[in-house]
Amino acid sequence: MTETSPAQSATRGDAAPIIEVEHLERTFHLSRTARVTALDDVSCALRAGTCLAVVGESGSGKSTLARVIVGLETADAGEVRIAGTPVRPTTSRRALHERAKLVQMVFQDPQGSLNRSLPVAATINEMLQAHRPDLDRAGRRARLLELFAEVGLTERHADAKPEALSGGQKQRVAIARALAAEPEVLVLDEAVSALDVSVQAQVLDLLKRLRSEHGLSYLFITHDLSVVRDIADDVVVMRTGRIIERGTVSDILDRPTDPYTRLLLASAPRPGWKPRRGLRDALIGGADRTP
Ligand SMILES: Nc1ncnc2c1ncn2[C@@H]1O[C@H](COP(=O)(O)OP(=O)(O)OP(=O)(O)O)[C@@H](O)[C@H]1O
């Protein structure tokens, strides 16, 4: 990770892409006759030092896009480049290690990356062993505590087992674990979606601070438009595997042109929000039928 200088921040608007996604296709074959197209000619770019939100309702292809980007899923066609290097299927430890130094993923459920029977420090230690071979045992412990302090946790949290931590604390551990690899990009897949609103706000604040302190870039996957204004610079809107609208946060949130984006906005919780009856039917049945 590198520190962002004021000059770098000032030129963010023209920043070169750190992730380039070109014409991705991915179809899942569910049976001999049934298939679902999760990605249909998807192209987008994440500018270095910025946050690109990928929004859309459940099943629109957001997680598949994220998984293809980090190499957990293979596309049928198209290409992803991270810092100019194509993401290709590989079992080479060296290639996987180099990719892990570029991009780390944070999932909705932090439990998946934590070992139930070990203190959470063990998870971070494992990452440090892989990515900081220069550190001895004491050096790793010192770095671990530094990472915990960065995400607002203490030594007490480091030595606790996952079950003793709250959802927000576990998500902070997952973020510290990702940072331990010192990546350039975090792919955050619904990373705050399971948290209570107040905890969600604190984790979003943490992510904003980490981004500016370390010059990180974020691909922020969410179905919840209410968090997008807070964290993102650019937005792509996905529907049934396609990108149907893209632009800056204010383009998409204040001046959406696509009827589906307008419906998503109408369904986003905000102060005074009341669910509209039939909205989901309208979303599934055809956005252009309902304003
Ligand atoms: N491994 C898989 N096998 C079969 N179908 C899959 C698989 N992964 C995703 N799909 C299907 O691809 C489509 C897109 O799924 P994806 O998880 O990418 O959407 P999403 O927008 O992230 O939704 P959610 O927020 O619910 O995860 C869905 O119809 C889903 O059922």
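Just so you know, the residues in each chain are numbered from 1, in the order the chain's sequence is written. Per-residue local features of the predicted model are confined to residues with pLDDT of at least 70, and side-chain atom pairs are confined, for both listing and counting, to 80 or more; whole-chain, interface and lining totals are unaffected and use all residues.

A. Region of interest: the overall build of the chain. A run of DSSP states H or I qualifies as a helix once it reaches four residues; a run of E qualifies as a strand once it reaches two. Both are numbered from the N-terminal end. Secondary structure assignment for the chain yields 12 helices and 10 strands. We call two residues in contact whenever the C-beta atoms placed from their backbones are within 7 Å. When contacts within the chain are restricted to residue pairs at least 6 apart in sequence, long-range pairs at least 24 apart make up 67% of them.

B. Summary view of the nonpolar core. Here, a nonpolar core denotes buried Ala, Val, Leu, Ile, Met, Phe, Trp, Tyr and Cys residues that are linked to one another through C-beta atoms within 7 Å. Once C-beta atoms are placed from the backbone, each residue is buried if 20 or more other C-beta atoms lie within 10 Å of its own, exposed if 12 or fewer, and partly exposed for counts between those two. Counting 74 residues, the largest nonpolar core has L52, I69, V185, V187 and L219 as its most contacted members. When residues in this core are grouped by element, the largest group, seven residues, is from helix α7 (residues 167–180). Here V185 is in contact with I18, I19, L46, I82, L102, V103, L216, S217 and L219, once residues within four sequence places are set aside.

C. Main features of the UniProt feature "domain: ABC transporter" (unreviewed entry) in the chain. With numbering aligned to this structure, UniProt lists the feature "domain: ABC transporter" (unreviewed entry) at residues 19–265. Along residues 19–265 one finds 40% helix and 26% strand; the C-alpha atoms at either end are 27 Å apart. UniProt positions are given in the numbering used here, feature names are shortened, and annotations may be inferred rather than shown by experiment.

D. Quick peek at the pairing of strand β8 (residues 217–222). For β8, a buried count of six out of six residues is recorded, marking the element as mostly surrounded by other parts of the structure. Residues S217, L219 and I221 point to one face of β8 and Y218, F220 and T222 to the other, with burial holding for every one of them. Between any two strands, at least two bridges found by DSSP are needed for them to pair. As paired strands, strand β3 (residues 51–55) and β8 are joined by five bridges and run parallel to one another. Considered in β8, the bridge of A53 is made with F220. Strand direction decides the pairing type here: strand β7 (residues 185–189) and β8, joined by five bridges, are parallel.

E. Structural context of α7. By definition here, a helix of n residues has an expected span of 1.5 Å times n minus one. An ideal rise of 1.5 Å per residue puts 20 Å on 14 residues; α7 measures up with 20 Å between its terminal C-alpha atoms. Among the 14 residues in α7, 12 count as buried, and that is most of the element. Directly after α7, the chain includes E182, whose backbone phi takes a positive value near 55°.

F. A look at the sheet that holds strand β10 (residues 242–248). Taken together, the six strands give an open sheet; going across it, the order is β6-β7-β8-β3-β9-β10, and neighbouring strands pair in mixed fashion. What marks the edges here is a single partner per strand, and that holds for β6 (103–106) and β10. Within the sheet, the average angular offset between the axes of one strand and its neighbour, ignoring direction, is 15°. Where strand β9 (residues 234–239) lies against β10, six bridges are found, and the strand directions are antiparallel. Considered in β10, the bridge of V236 is made with R246. Geometry is summarised by axes, namely lines fitted to C-alpha atoms with helices restricted to the contacting stretch, and by angles between N-to-C directions that run from 0 to 180 degrees.

G. Spatial organisation of the site of the ligand. For each residue, a C-beta position is placed from the backbone atoms; the residue is near a molecule or strand when that point lies within 6 Å of it. The ligand sits among 13 residues. The nearest are F28, A38, S58, S63 and T64. Breaking the shell around the ligand down by element, the ones donating at least two residues are β2 (35–47) and α2 (62–70). Among the elements that take part in the shell around the ligand, α2 stands out by supplying three residues, more than any other. Its residues placed into classes, the shell around the ligand shows four nonpolar, eight polar and one charged. In this classification, the charged set is Asp, Glu, Lys and Arg, the nonpolar set is Ala, Val, Leu, Ile, Met, Phe, Trp, Tyr, Cys and Pro, and all remaining amino acids, among them Gly, are polar.

H. The arrangement of the sheet that holds strand β5 (residues 85–86) in detail. Read from one edge of the open sheet, four strands run β2-β1-β4-β5, paired in antiparallel fashion. Single-partner strands in this sheet number two, and they are β2 and β5. Two strands pair when backbone bridges link them, and strand β4 (residues 77–82) and β5 are joined in this way by two bridges, in the antiparallel orientation. Its bridge partner lying in β5, R81 is registered against P86.

I. Unusual backbone geometry, seen in detail. Located in the positive-phi region is A83, a residue other than glycine, with phi close to 50°. On the secondary structure map, A83 appears in the loop between β4 and β5. A83 sits in the partly exposed class, given 17 other C-beta atoms within 10 Å. The backbone phi angle of T240 is positive, close to 40°, even though this residue is not glycine. The exposure class assigned to T240 is partly exposed, which follows from the 16 C-beta atoms found within 10 Å.

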